[in-house]
Amino acid sequence: MAKFDFSKRDSFGSKIGVIAAAAGSAIGLGNIWKFPYITGENGGGAFLLVYLACIALIGLPIMLAEFSLGRKANRNVFGAFKKLAPNTGWYWSGVLFNTAAFTIMSYYAVVAGWIFAYIPRSISGALSGQNFNEAFSNLNSSTVEPLIWSFVVLGLTIFFIHSGIKKGIEKYTKILMPILLVLMIILMIRSVTLPGAMEGIDFLFAPNFSALTPGGVLEALGHAFFSLSLGMGVMMTYGSYIQKQENLQTTSLQVVIADTAIALMAGVIIFPAVFAYDLEPSSGPGLIFITLPGVFNAMQGGIIFQTLFFILIGIAALTSTMSLVEVVASSVTEQLGISRNKGILMIAGLMALLIIPNSLSYGAMSDVTLFGHTVFGVFDFLASNIFLPVGGLMIALFLGWFYKLKNIRSEITNEGKYRFRLAGVYNYLIKYIAPVAIVIILLYATGILSKLGWV
Ligand code: PFF
């Protein structure tokens, strides 16, 4: 087998490229439809406080851990554990991370595909005057159309990343992320200037501590992982492409702030508009594909805003799928020593196969279930509730207990160039707080806590 030449490894060319790519991965469907809804539902400002605490105490430390371990190793996820912990079982974490990437990609591309299907429908005005519920179920229950759109998502992702890091991921995220930001600002201004918008702002921000349940707290923690793309080696892989002179502490902080700011902005776009038109905020896909088309239908110039909105989410989704495929692409090309193009084509073939049952879960294969869940439901459950928390736990245990902070300190401080003022607190968070919190989410997500009657 040919050996990969690590001296020729690609890297990000600039600090702004690192931020665009990493924030691009973090900012995705999770920010735009999931975060606003779970915030509104779980007590608005009260939930937000808990979410911010989870991000600061667990998300940020794990992000820094992934970046620094990745950069220190300068390898894909398999290679990284092999280099940092030779002849140990840690190498197998690579299997978990790659499996998580495949699993998330297989259903994420389906939802992103529905978004892409709504772009031409918005431009042509085909949605207006329809029953939005029916229009959405006609799309997702059919066989061919949603599948084609998911393949378009996969195809675009591969197109963007095949040329590598500088000429691929960095180049395109640097173009796409500013567009995303501008679209968000336009839509936010439109939304908050609608009559009656304040009710939506209240729904999102007014703290209602009585609506915050223990389940809501754990949901905040689980969502922090998903939203920041942690626990599956994305940030470790991206970290491995960050140049030695960059400051990883500020980079982690900036990515976390960008992700949270965009999630809040999404809420400020969605809820004022929903309340201004007297609609009920619904959850999950229904919010984007059913409720919002109703809002845009009633709004003057709605076609334009609706089109911009779907383009915006389409971009957010693509910059996330790029990172999912890159975890596997780097693993396959470096471990097997095959060319990037060949590796990516192999991965794409396998992902395309996995996308099929996920896409058909709402139509032809809706009867195929496991524990009462469709294929899509099983993949989503496994990824969000098992793989990401277990992956995050591995990172925390690896750094906190096995590799130890003292050995990564020079990577975090760039050989002493930057101070690491919070090293003591960091050590405590990564060794104790993060692992304990993650084990609790795992027990919750698998229903064990509720069987014990604790939540
Ligand atoms: N962070 C993305 C979102 O919020 O939509 C989803 C995601 C991408 C999760 C990449 C995990 C990942 F590795």
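See the structure above.
The notes below deal with the structure included here.

Brief notes about the environment of E246
Now for step 1: Turning to its location among the elements, E246 is positioned in the loop between α11 (234-239) and α12 (248-276).
Now for step 2: In this structure E246 touches S14, K15, R71 and N414, once residues within four positions along its chain are discounted.

A word on the environment of S227
Now for step 1: Mapped onto the elements, S227 comes out in helix α10 (residues 214-227).
Now for step 2: Considering only alpha carbons, one finds S227 and T260, 33 residues apart in sequence, at a separation of 8.7 Å.
Now for step 3: Here D259 takes part through its side chain, which lies 2.7 Å from a polar atom of the side chain of S227.

Structural notes on unusual backbone geometry
Glycine aside, residues mostly have negative phi angles, and peptide bonds mostly take the trans form.
Now for step 1: Phi at S229 takes a positive value of approximately 55 degrees, unusual for a residue other than glycine.
Now for step 2: Looking at the secondary structure, you find S229 in the loop between α10 and α11.
Now for step 3: The exposure class of S229 is buried, given its relative accessible area of 11%.
Now for step 4: Its identity as a non-glycine residue notwithstanding, N414 has a phi of 50 degrees, on the positive side.
Now for step 5: Tracing the chain through its elements places N414 in the loop between α17 (405-412) and α18 (423-445).
Now for step 6: With a relative accessible area of 10%, N414 lands in the buried category.

Focus: the packing of aromatic side chains
Now for step 1: Taken as a whole and judged by the stated rule, the model has 36 aromatic pairs.
Now for step 2: Relative to Y238, the ring of F12 has its centre 5.6 Å away and its plane inclined at 90 degrees; by these criteria the two rings are edge-to-face. Taken together, the positions of F12 in the segment before α1 (15-26) and Y238 in helix α11 put the pair 226 residues apart, joining distant regions of the chain.
Now for step 3: The class for F12 is buried, based on a relative accessible area of 1%.
Now for step 4: For Y238, a relative accessible area of 1% puts it in the buried group.

Some thoughts on a nonpolar patch on the surface
Now for step 1: On the surface, L397, W401, Y428, Y432 and I433 cluster together into a nonpolar patch covering about 470 Å² of accessible area.
Now for step 2: Listed by contribution, the elements that provide at least two residues to the nonpolar patch are α16 (375-403) and α18.
Now for step 3: Mapped onto the elements of the fold, W401 is located in helix α16.

So, the pattern of salt bridges
Now for step 1: Tallied over the full model, the rule gives eight salt bridges.
Now for step 2: Two residues, D10 and K166, come together in a salt bridge whose shortest N-O distance is 3.7 Å. Here D10, found in the segment before α1, pairs with K166, found in helix α8 (residues 165-192); they are 156 residues apart in sequence, far enough to count as distant.
Now for step 3: Given a relative accessible area of 26%, D10 falls into the partly exposed group.
Now for step 4: Residue classification places K166 among the partly exposed residues on the basis of a relative accessible area of 40%.
Now for step 5: In this structure, R121 engages E145 in a salt bridge whose closest nitrogen and oxygen atoms are separated by 2.9 Å. Note that R121 is positioned in helix α5 (residues 93-124) and E145 in helix α7 (residues 144-161), a separation of 24 residues in sequence.
Now for step 6: The partly exposed category is assigned to E145, whose relative accessible area is 29%.
Now for step 7: Connected through salt bridges with shared partners, the residues R71, K244 and E411 form a single ionic network.

Details of the packing of helix α13 (residues 284-298) against helix α14 (residues 302-336)
Now for step 1: Closest axis-to-axis distance for the α13/α14 pair is 9 Å, and the angle between their directions is 150 degrees. Judged by the inter-axis angle, α13 sits roughly antiparallel to α14. Of the residues in α14, those in contact with I288, F289, L292, P293 and F296 of α13 are G302, F305, Q306, F309, F310 and I313.
Now for step 2: The class makeup of the residues in the contact of α13 with α14 is nine nonpolar, two polar and no charged.

A few points about the side chain of N76
Now for step 1: As for its placement among the helices and strands, N76 is situated in the loop between α3 (45-73) and α4 (77-84).
Now for step 2: Classification of N76 as buried rests on a relative accessible area of 0%.
Now for step 3: Among the polar contacts listed, one links the side chain of N76 to the backbone nitrogen of F78, at a separation of 2.8 Å.
Now for step 4: Those residues in contact with N76 that lie beyond four places of it in its chain are R9, S330, S331, E334 and Q335.

A look at the site of the ligand
Now for step 1: As a structural note, the neighbourhood of the ligand is formed by 16 residues, with A26, G30, Y108, F226 and M232 the closest of them.
Now for step 2: In the environment of the ligand, a nitrogen atom lies 3.2 Å from a nitrogen or oxygen atom belonging to the backbone of S25.
Now for step 3: N31 is positioned such that a nitrogen or oxygen atom in its side chain is 3.3 Å from an oxygen atom of the ligand.
Now for step 4: A total of 340 Å² of accessible area belongs to the ligand in isolation, and the protein chains cover 100% of it.
Now for step 5: Only α1, α2 (29-41), α5, α10 and α14 provide two or more residues apiece to the shell around the ligand.
Now for step 6: Classifying every residue of the shell around the ligand gives eight nonpolar, eight polar and no charged.

Cut-offs applied
Residues numbered from 1 in each chain as written. Predicted model: local features only at pLDDT ≥ 70, side-chain atom pairs only at ≥ 80, totals over all residues. Heavy atoms only, no water. Helix = DSSP H or I, 4+ residues; strand = E, 2+ residues; numbered from the N terminus. Contact = heavy atoms within 4.5 Å. Polar contact = N/O pair within 3.5 Å; in protein donor to acceptor, adjacent residues only side chain to side chain. Buried < 20%, exposed > 50% of the residue type's maximum accessible area, 1.4 Å probe, protein only. Phe/Tyr/Trp six-rings, centres within 6.5 Å; stacked < 30°, edge-to-face > 60°. Patch = residues over 30% accessible without salt bridge, like charges linked within 9 Å, V, L, I, M, F, W, Y side chains within 5 Å. Areas by Shrake-Rupley, 256 points an atom, 1.4 Å probe, with all protein chains shown as cover. Salt bridge = Lys/Arg side-chain N within 4 Å of Asp/Glu carboxyl O. Axes fitted to C-alpha atoms, helices over the stretch in contact; angles between N-to-C directions. Parallel < 35°, antiparallel > 145°, perpendicular 65-115°, else oblique. Nonpolar A, V, L, I, M, F, W, Y, C, P; charged D, E, K, R; others polar. Near = heavy atom within 4 Å.

No statement about biological role is implied by the geometric values presented.
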